[in-house]
Amino acid sequence: MGRAKNEPKVDLADSIAQKTAGFIQSDDHRDLLDIVDALRSQGVSHYVDLPQIIVCGSQSSGKSSTLESLSGIEFPTAEGLCTRFATELILRRGDVPGIKVHIQPHADRTEEERIRLSAFSMETSDKMPFPKIIDAAKEAMGLGAIGPGAKIFSTDVLRIESTSPTAPNLTLVDLPGLFGAADKNQSDDDASLVQNLVVNYMKQRRSIILAVVTADNPFANQPVTKFAREIDPQGKRTLGLITKPDKIDKGSDSERYYIELAQNLNVKLSLGWHVLRNRSHVTASDTAEERDDREAEFFANSLWGESLDQSQLGVDALRERLRNVLWHQIKEGLPGVISDVQAGIKDCENKLGQLGKPRNSVREKHSYLHRISGRLSTLVRAAIDGVYSDQFFDPTNEDADVLERRLRAKVQAVLSKYADRMRTNGHALEIVEDDLSPTRLDHKKWIKRKEYLLDIVRTAMYECRGRELPGTFNPLVVGDLFSQQCKPWENITNHMVEEIHKAATETFREIVSEICDNNTAQRLMKHHIQPSLHILRKDLKDKIDELLLPHLSVHPITYNDYLQDSVNKIQTKRVNRKINDLSISILGLNPQDPFGHSRSSSHEDGKVRAFIDGIKREFAPDVEAYSASLAADVAAAYYTIALKKFIDDVSVNAVETCLIQCLPDVLSPQIVWELPDEMVEILGSETPATISERAALTLKLETLEKGLRDLDDFTSTRLRRGGAGSSASGKNVVGQELIILT
C-alpha cells in the first residue's frame, strides 16, 4: 500500500476505472462497448459471450503481479498460497461511482449456509482498499488461518461490481493457482478442485488463454501449458507469458531455454510468447511508474532485450498485444453476435405475437380471441389432415415427441395398435384345435376344441332349445356363443377412446402454447377446450355403445357370403389334418408330400383296411356332435366377419366422425363470436404479469433493434477502416473479460 501514498485520494470505483482505462484504445472501441452494454442490459448476455482472457498458471508464477501490472488494481500477492476463492471484479459504466459486493454461494452449500452467505452484502463508494474487501469475504466464507485441518479453498464466488462513468466494461476474475503436490496446508482434493476450475475456464470456446510460466522453475514442472495444449491443440487462442526473467542467472542454460521458448522455437503457439518482469518482494513498494522503469532497464541490459522483439517485452507491449488479440476475436465473433441479436429480435416478436395487443375492453378481448381461434383452427385442420408443412409441426427440441403435434400420425398409430389388440385379445377364449398348440400362455384364456364343444357349445344348445328337431340346433346358439367371445371388445375399445382423447388434448395444448401467452393458454384449456373435448369424448363413447349393442344383445345378422366360405374353409382344414394324421400314422405316407412314399415297398392290404376303418370311425355319423361342431364353426366364422366390421365402424363412424372431424370447431372463429361476454372476460383478460411482460418485451425489442442497427453501422463503416480500434463482442456481451488465476 506504500506505493500509493502519493496518489490522490479518490473513490475506489473511480480509481479502478482510471487504472483500467488503458484497455479502451479508441472511440471505436468505446462505441462498440456502449452498443454491447446496452444489449447486455436487455438480457442478450444470457446467450452472448465476450471473448475473455484467462490468465492461468501455477502458484507463485507471478499471475497476481501480472494482473496488477495490467490493471493497476492491488490483488493480493504473496509467495505460495494466496488466492483461495474466485473473485469476479465486474467493471461497468454508470452515472454514479459505486461499489456493490456480494457472495454467490456454491450449489453444494446447505440452505442455511446459502442464506447466510447471500446476506453478505456491501455497497460503498468510499476509499476501502481492494484487499480489505477480499479479507471480509474470506471471513464470511469461513476461510480462517492456514494450517492443518483448516478450510483452504472455497467454491463460493465473490462478486464485486464497480460502476463509474469512465469504466471500460471490463471483467477481471481472480482464481486460485495450480499446484501438484499436497502439503500440510493443501490437500490432493484441493489440487483437483483448483485444476477443474482452471480447465473449465480454458474449455470455454471464446477464451484467450494467457498461460503463465515462471522462468525460475523448470518448464516441465508447470502443467499449465500441458492443459492448454490438450484443450487448444493448435494453439490458436493461447498466448504464452514468461515471468521472473530476472530470477535466473545470466548466460545460464535456463536463460537460453526460456529465450528459445519466447522465440516460439520450442512450444509453438499461434499467438506466440511474451515476457514480463514484475515487482519482487524487495521492490513491492514501487509505484507503477517505478515498476515500469525497472522493467525497461532490465530488458535494455539483458540477453532478453537483444534476442526478442520489443513487441514481446514489457507490460505496455502486453496490453497492446492483448488489445489486438481481443480486437481480432471481436472481428471474428461479431457476425455471431449479430446473428444472436437477430435471434433475440425474432424471439421477442414471437412472444409479443403470443401476448397480442393490450386489451382492456370486451371488444379488444373478443378480437384477440378471434385471431387466436383462426390460427388454432387452421393448425388443428392441418394436424388431422396430416399436412405438416407449417413450422409448428417441426419438433421444438430433440427430446420432444413429434406425434404430440402431428395428430393424424398419432391417431393412425393408436388405431393400428387398437386393431392388433382386438385381433389378438378381442376373443374371450382362444379355441385351440385338438391337434394344435395354443398361442396364449394363460391357461384360463384358451380351451381345446373338443372340450369347448362338450362343455360350452352343447350347454348352449341345451339352454337355447326351441322348436328345432332333434339333432339340429337353434340359430340363437350362434348368437349366444358369439356374445360370450366378444365381451373383451368393450374394455379394449374404451381404452382406445381414452388414448385418442389424450392425443387430441396434447395437440390442443401444444397449439395454444404456441400461439398465445401462458395465461391465455391455461384459461383456454381449462374453461373451454377441455370441457369441449369432454363432450366430444362422451359423444364418441355413446357412438361406441351404439355400435357395440347389436353384437352384445341382438341375434347375429349378416348377408356376407364370406360366412359360408369361412365355415367351409374351417371344416376343410380340420378334415384334411385328420386324414393326413391317419395316413402318416397307419400308412407312413404324407399326402401333402408329392414325392412321399410308404415305409414299405408295397401297400399291405391290412394297412389299407386299417386306414379305411380309421376314416370311417373318424367321420362316423353323429348328428348331435355334428350340430355342435357346425354351431361352433359358424360362430367362429361370424366372429371373424363381425370383428373386421366393428373395427372399421369404430375407426370411421365413431372416432373419425364423432371426434376427429369435430376438432377444428372446438374453438373456431364462429364459436368465438358466439361466446357470451362473461366467457370472453374469463378467456381474454390479462393478468398484471402479462402486462408487465409485454412492456418488458417491447422495451427489449426496441433495444435489440437499435443495437442491431448500430452493429450493422459499425461493421459497415468502422471495421472497414481496419486496425485494432475496438473491443468487445461475442458471447455474453458485457464488456471484455480478463480471467486471472492466482
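The coordinates are above.
Described in the following lines is the structure provided in the data block. (Residues numbered from 1 in each chain as written. Predicted model: local features only at pLDDT ≥ 70, side-chain atom pairs only at ≥ 80, totals over all residues. Heavy atoms only, no water.)

Considering the environment of Leu549
Then step 1. If you trace the backbone, Leu549 turns up in helix 17 (residues 518–553).
Then step 2. Here the alpha-carbon distance between Leu549 and Glu490, two residues 59 residues apart in the chain, equals 10.0 Å. (Helix = DSSP H or I, 4+ residues; strand = E, 2+ residues; numbered from the N terminus.)

Considering helix 22 (residues 677–684)
Since one α-helical turn is 3.6 residues long, residues separated by three or four positions face the same way.
Then step 1. When helix 22 is considered as a whole, its buried residues turn out to be Val680, Leu683 and Gly684. Seen end-on, helix 22 carries its buried residues on one side only, within an arc spanning 80°.
Then step 2. In the core, the buried residues of helix 22 are packed alongside helix 12 (362–385) and helix 17. (Buried < 20%, exposed > 50% of the residue type's maximum accessible area, 1.4 Å probe, protein only. Arc of directions from axis to C-beta. Contact = heavy atoms within 4.5 Å.)

Quick word on the nonpolar core
Then step 1. One finds Leu376, Trp489, Met496, Phe508, Leu524, Ile529 and Leu663 to be the most contacted residues of the largest nonpolar core, which totals 61 residues.
Then step 2. Taken together, the elements giving at least two residues each to this core come down to helix 12, helix 13 (407–425), helix 16 (489–515), helix 17, helix 20 (623–659) and helix 22.
Then step 3. Counting residues in each nonpolar core, the second largest holds 39 residues, with Ile152, Val194, Val224 and Leu308 among its members. (Core = buried A, V, L, I, M, F, W, Y, C linked by side-chain atoms within 4.5 Å.)

Some points on the pattern of salt bridges
Then step 1. Across all of its chains, the model carries 28 salt bridges by this definition.
Then step 2. Across the pair Glu686 and Arg359 runs a salt bridge, and its minimum N-O distance is 3.9 Å. Of the two residues, Glu686 sits in the loop between helix 22 and helix 23 (688–717) while Arg359 sits in the loop between helix 11 (315–355) and helix 12, which places them 327 residues apart along the sequence.
Then step 3. By relative accessible area, Glu686 is classed as buried at 16%.
Then step 4. With relative accessibility at 2%, the residue Arg359 sits in the buried group.
Then step 5. The salt bridge involving Lys538 is made with Asp542; its shortest N-O contact spans 3.2 Å. (Salt bridge = Lys/Arg side-chain N within 4 Å of Asp/Glu carboxyl O.)

Concerning the pairing of strand 5 (residues 157–164)
Then step 1. Extensive coverage of strand 5 is indicated by the burial of six of its eight residues.
Then step 2. As defined by bridge partners, strand 2 (residues 86–93) adjoins strand 5 across eight bridges and the pair is classed as parallel. Note that in strand 5 the partner of Leu91 across the bridge is Ser162.
Then step 3. Judged from the seven bridges that link them, strand 3 (residues 98–104) and strand 5 form a sheet pairing that is antiparallel. Bridge pairing in strand 5 places Ile103 opposite Leu158. (Pairing = 2+ DSSP bridges.)

Digging into the packing of helix 12 against helix 22
Then step 1. Between helix 12 and helix 22, the shortest axis-to-axis distance is 9 Å and the interhelical angle comes to 70°. Considering their axes alone, helix 12 and helix 22 lie roughly perpendicular with respect to each other. In terms of crossing hand, the pair formed by helix 12 and helix 22 is left-handed. Here helix 12 contributes Val362, Lys365, His366 and Leu369 to the contact with helix 22, which in turn contributes Asp677, Val680, Glu681, Leu683 and Gly684.
Then step 2. By residue class, the composition of the contact of helix 12 with helix 22 is four nonpolar, two polar and three charged. (Axes fitted to C-alpha atoms, helices over the stretch in contact; angles between N-to-C directions. Parallel < 35°, antiparallel > 145°, perpendicular 65-115°, else oblique. Left-handed = near helix turned anticlockwise from the far one by under 90°. Nonpolar A, V, L, I, M, F, W, Y, C, P; charged D, E, K, R; others polar.)

Considerations on the packing of aromatic side chains
Then step 1. Following the criterion strictly, the structure yields eleven aromatic pairs and no others.
Then step 2. Residues Phe153 and Phe179 carry aromatic rings whose centres are separated by 6.0 Å and whose planes lie at 15° to one another, so their mutual orientation is stacked. Pair noted here: Phe153 is in the loop between helix 5 (130–140) and strand 5 and Phe179 is in the loop between strand 6 (170–175) and helix 6 (188–203), with a separation of 26 residues, a long-range link. Like Phe179, Phe153 is buried.
Then step 3. Where Trp489 meets Tyr639, the ring centres are 5.6 Å apart and the plane angle is 50°; that geometry is what we call tilted. With a gap of 150 residues between them, Trp489 in helix 16 and Tyr639 in helix 20 connect regions that are remote in the sequence.
Then step 4. Residue classification places Trp489 among the buried positions, given a relative accessible area of 0%.
Then step 5. The exposure class assigned to Tyr639 is buried, which follows from its relative accessible area of 9%.
Then step 6. These aromatic residues form a ring-pair network of at least three members: Phe482, Trp489, Tyr638, Tyr639 and Phe646. (Phe/Tyr/Trp six-rings, centres within 6.5 Å; stacked < 30°, edge-to-face > 60°.)

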